[in-house]
Amino acid sequence: MLAKNPIVSQEKDNNNSNEIIDILCGECDSQCSENECLNETNSQDDIIKKMPQGEGYCYHLGILIFAPFFKKLRKKGIEFILQWLISILLGAKNIEQTKQINYASLNMIIDKSIKSQKLQRATIKKHTNDDNINKLLAFNMEIVDVANCQDYYYDPHTKHYTGMRKILKGWCAKIKMPGKVVNMDFIHTSKGYPVYIGVDDNYDDMRVRFFRQTEEFREIGNIPQEKTLTYIVDRGIFSQEVFDQVINTDNLHLITWEKDYKNDKWDKQATTYKGSIVRYRNNKDDNYFINYEYQQNQWAQNSKIRQLIVRISRYKEKKYTEVSILTDDIHRNGNEIVFCMFNRWIQENDFKYLIDHFGIDQITSYDYFDYHEIKDLLEDKEYISGEYKAAHKEVEQLRRYLKTALYKLHRMRKTKKRKKYTAKEIERKNNLKKQIKELSDQYEIKETQRNEIQKYVSKIEELVNNNTEKLCPDVKRMMDITKMIARNIFYLTFEPFRLDYNNYRDDLMIFRELSRAHGMIRKNKYGNLDIDLHTIMELTPKMRKVFNNILNNINAQDIVMPNCNETKISLKLNENIDSFFAFSS
């Protein structure tokens, strides 16, 4: 097991950036001084004083609807992610896309920002250590109330790597074949909030990573050992060894599909239970039902595993699909188990949303190290050598060719048993015999060569001998956790809007408009800041009403600017946006 990344600095002093500036100043995109590299422009008060009549236009002010969460970040001492958190919420999926940010306006919000992309990458790397990663994960778990959640979805998501590094291969769903991959193992709550991510290569199988990561998740989230957690996992976890380990682990349950189920276990005489699951279309009143019935018994392959045979049909449809669900939880209500398994779509949908809007599939860092550098940190295992696999593949291929040739000869003899062969058929028969003789000789030679090869070798030794490399996972992991936090604070702020607006077709897009609105900022007589938000899209009366309700609820939380001054702010929609910006003839 990999304990620590030997390349990434584990220093905890994140305040001194002089070393980074010495390295990067002069290597930026243009010639700059230290302050220009850090983009340390005038303070917020100085900027406001320079504004005509004490007010001015500022970009990205809509991001302040998330101010309650920014305040919590500062209280937790992890405000170092503020710039990248805001950039992600503004649509920057990677560091390159942060060039779309207006840094003068960003300084109004957080006081100090880093403009140079090279310096941003170096700063992220400087902040990357085990302590900060654990703090970010703990904060993310806290805001989505992990303490009151029992059921979790676990699923590995693979990123296809197309670079030049010689990293380990694994199954890649995107290309539907093995390829060089980076594994991102996610844990989501039963409500669909991502709360944990592990980034690694394919040295350990997912079945091994599962137990290590779920234990780390419990530890970071400060979840009591006596609390029972249930993980719902796709059929990739299917294994008798996994089932046995789950059964022997206290306060852990597993729900998964039965792999290669043959649709042959339904008993018409057995007790059958019925239920339905509601699905929504365009709003909370536009719904339909997925009806199901199920039977339950002990699983034939393991008496300690409970099997639920489920038949599913859509509303008013006669056709059904039959599946098998397995779990070690023998006491839980069957309808709850069926719902948990069928509700996995919320995690799959979230993967697409995380990719499209938060860039969860970005590499972030191309730092790497060779396996000989980390061999002492890994637990070695016996492994079928690559040389043996290649030889075995050749033997199996020759065996298939030989089998085909023998079958053709057999069919020819059977068809012409009572008839004379034509000259052409005799030629074909002789060619088949010659081909069979050649294939047999090749098969014997290759089989002998394969048997002389050592089948099991040290996996680490083979990786070292093959000069295998591993991408440094920590920088990507920290950035991905930041993206998960961005996703969660967006949804936590968005949920009240969804309930009031009640239109599932475009509610996410419209709410995103509010979060990316620009606006006017002015200092009032009490020394606080009044902020008028100007959305680009024209809002309907219904949208304005719902937005005003949301902003009033946010203002009621005594929100402040995310900068160190913590000036109190008040948000509202501008009422005269058309006359303010529109051109008239």
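Being a predicted model, the structure only gives us computed values, none of them experimental.

The rules behind each value
- Residues numbered from 1 in each chain as written.
- Predicted model: local features only at pLDDT ≥ 70, side-chain atom pairs only at ≥ 80, totals over all residues.
- Heavy atoms only, no water.
- Helix = DSSP H or I, 4+ residues; strand = E, 2+ residues; numbered from the N terminus.
- Polar contact = N/O pair within 3.5 Å; in protein donor to acceptor, adjacent residues only side chain to side chain.
- Axes fitted to C-alpha atoms, helices over the stretch in contact; angles between N-to-C directions.
- Left-handed = near helix turned anticlockwise from the far one by under 90°.
- Contact = heavy atoms within 4.5 Å.
- Nonpolar A, V, L, I, M, F, W, Y, C, P; charged D, E, K, R; others polar.
- Salt bridge = Lys/Arg side-chain N within 4 Å of Asp/Glu carboxyl O.
- Buried < 20%, exposed > 50% of the residue type's maximum accessible area, 1.4 Å probe, protein only.
- Patch = residues over 30% accessible without salt bridge, like charges linked within 9 Å, V, L, I, M, F, W, Y side chains within 5 Å.
- Areas by Shrake-Rupley, 256 points an atom, 1.4 Å probe, with all protein chains shown as cover.
- Pairing = 2+ DSSP bridges.

**Some thoughts on the side chain of Asn-94**
At step 1: When you line up the elements, Asn-94 lands in the loop between helix H5 (82-89) and helix H6 (103-110).
At step 2: A distance of 3.2 Å separates a polar atom in the side chain of Asn-94 from the backbone nitrogen of Glu-96.
At step 3: Polar side-chain contacts of Asn-94 include one of 3.0 Å to the side chain of Gln-362.

**Here we look at the packing of helix H17 (residues 474-501) against helix H19 (residues 541-555)**
At step 1: For the pair H17 and H19, interaxial distance at closest approach is 10 Å and the crossing angle is 145°. Considering only the axes of H17 and H19, their crossing is right-handed. Listed contacts from H19 to Thr-493, Pro-496, Phe-497, Asp-500 and Tyr-501 of H17 are Lys-542, Met-543, Val-546, Phe-547, Asn-549, Ile-550 and Ile-554.
At step 2: Taken together, the residues of the contact of H17 with H19 sort by class into 8 nonpolar, 2 polar and 2 charged.

**Describing the pattern of salt bridges**
At step 1: Across all of its chains, the model carries 30 salt bridges by this definition.
At step 2: Of the charged contacts in the structure, one is a salt bridge between Asp-264 and Lys-265, with a shortest N-O distance of 3.1 Å.
At step 3: On the accessibility criterion, Lys-265 (41% relative accessible area) is partly exposed.

**What to know about a nonpolar patch on the surface**
At step 1: Taken together, the side chains of Val-278, Tyr-280 and Phe-289 make up a nonpolar region of the molecular surface, amounting to roughly 260 Å² of accessible area.
At step 2: Secondary-structure assignment places Val-278 in strand E8 (residues 273-280).

**Here we look at the sheet that holds strand E18 (residues 569-573)**
At step 1: In spatial order, the strands read E1-E16-E17-E18; together these 4 strands make up an open sheet with mixed pairing. Where the open sheet ends on each side, the last strands, each with one partner, are strand E1 (55-58) and E18. Going across the sheet, the axis of each strand differs from the next one's by a mean of 25°, ignoring polarity.
At step 2: In terms of strand pairing, strand E17 (residues 529-534) meets E18 through 5 bridges, oriented parallel. Within E18, the position partnered with Ile-531 by the bridge is Leu-571.

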